[in-house]
Amino acid sequence: MALPLLLAGPILRRVEPTLVCVWVALSESASLKLTLWEGRVNAGSANAHVESAPEHQDLRRIGEHLFVGVVRLKLDAASPKKLQPGRSYSY
């Protein structure tokens, strides 16, 4: 039986005005990218608020079919797209 790619997550690990970290467990190695939208939207919707850079991922092999990773979305402190308290964001 083939395992699904996504075994657990995505789970928010940390949220700050200029930083978001999300954890996932995968059945195989993959490239991770975090996309945020302002408000409630369906995954894959256009007009993303911000996206993570490829170098902001950390994926480690734990077992034959278990890869655990954290992807970080870091915003510049001067960015007008900083996350605001009291607002909802989708990821």
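For the structure, see preceding data.
Summary of the structure given here. Going along each chain's sequence as written, the residues are numbered from 1 onward. Confidence filtering applies because this is a predicted model: local features only for residues at pLDDT of at least 70, side-chain atom pairs given and counted only at 80 or more, and all residues used for totals across whole chains, interfaces and linings. To obtain the side-chain values, all non-hydrogen atoms of the structure were included, while hydrogens and water were left out.

1. A closer look at the nonpolar core
Next, step 1: Side-chain atoms within 4.5 Å link the members of a nonpolar core, which is a set of buried Ala, Val, Leu, Ile, Met, Phe, Trp, Tyr and Cys residues. For each residue, the accessible area found with a 1.4 Å probe, counting protein chains only, is set against the maximum for its type, and the residue is called buried under 20%, exposed over 50%, and partly exposed in between. Residues Val20, Leu34, Leu36 and Leu73 are the most contacted members of the largest nonpolar core, which totals 13 residues.
Next, step 2: Secondary structure elements follow DSSP: runs of H or I of four or more residues count as helices, runs of E of two or more count as strands, with numbering from the N terminus. Elements with a contribution of two residues or more to this core: strand E2 (19-26) and strand E6 (66-74).
Next, step 3: Among the elements that take part in this core, E2 stands out by supplying 4 residues, more than any other.
Next, step 4: Should any heavy atoms of two residues lie within 4.5 Å, those residues are counted as being in contact. Apart from residues no more than four positions distant in its own chain, Leu73 is found in contact with Thr18, Leu19, Val20, Leu34, Leu36, Val50, Glu51 and Ser52.

2. Concerning the sheet that holds strand E7 (residues 89-90)
Next, step 1: We call two strands paired when DSSP finds no fewer than two bridges between them. If you trace the 3 strands from one edge of the open sheet to the other, you get E4-E3-E7, paired in antiparallel fashion. Two strands close off the open sheet at either side, each with one partner strand: strand E4 (50-51) and E7.
Next, step 2: Sheet topology note: the strand E3 (residues 35-38)/E4 ladder contains 2 bridges and is antiparallel. For Thr35, the partnering residue across the bridge sits in E4 and is Glu51.

3. Focus: the pattern of salt bridges
Next, step 1: A pairing counts as a salt bridge when a side-chain nitrogen of Lys or Arg comes within 4 Å of a carboxyl oxygen of Asp or Glu. Tallying each qualifying case throughout the model produces 3 salt bridges.
Next, step 2: Note that Arg87 and Glu38 form a salt bridge whose closest N and O atoms lie 3.1 Å from each other. Of this pair, Arg87 sits in the loop between E6 and E7 while Glu38 sits in strand E3; the two residues are 49 residues apart in sequence, bridging distant segments of the chain.
Next, step 3: A salt bridge links Arg60 to Asp58; the shortest N-O distance between them is 3.2 Å.
Next, step 4: Exposure remark for Asp58: the relative accessible area of 31% places this residue in the partly exposed category.

4. Some words on the sheet that holds E2
Next, step 1: Reading across from one edge, E1-E2-E6-E5 is the order of the 4 strands in this open sheet, with antiparallel pairing throughout. What marks the edges here is a single partner per strand, and that holds for strand E1 (6-16) and strand E5 (57-63). Recorded for the sheet is a direction-independent mean angle of 15° between the axes of neighbouring strands.
Next, step 2: Across 8 bridges, E2 lies against E6 in antiparallel orientation. Within the sheet, the bridge partner assigned to Cys21 lies in E6 and is Arg72. All axes here are fitted lines through C-alpha atoms, helices being fitted over the stretch that makes contact, and every angle between N-to-C directions spans 0 to 180 degrees.

5. Quick word on the pairing of E5
Next, step 1: As paired strands, E5 and E6 are joined by 6 bridges and run antiparallel to one another. Of the residues in E6, the one forming a bridge with Arg60 is Val68.
Next, step 2: Once E5 ends, the chain turns through 2 residues before running back antiparallel as E6.

6. Structural notes on unusual backbone geometry
Next, step 1: In this structure, the amide linkage connecting Gly9 to the following residue, Pro10, adopts the cis form with an omega of 0°.
Next, step 2: Along the polypeptide, Pro10 turns up in strand E1.

So far we have only geometry, and geometry alone does not tell us how the molecule works.
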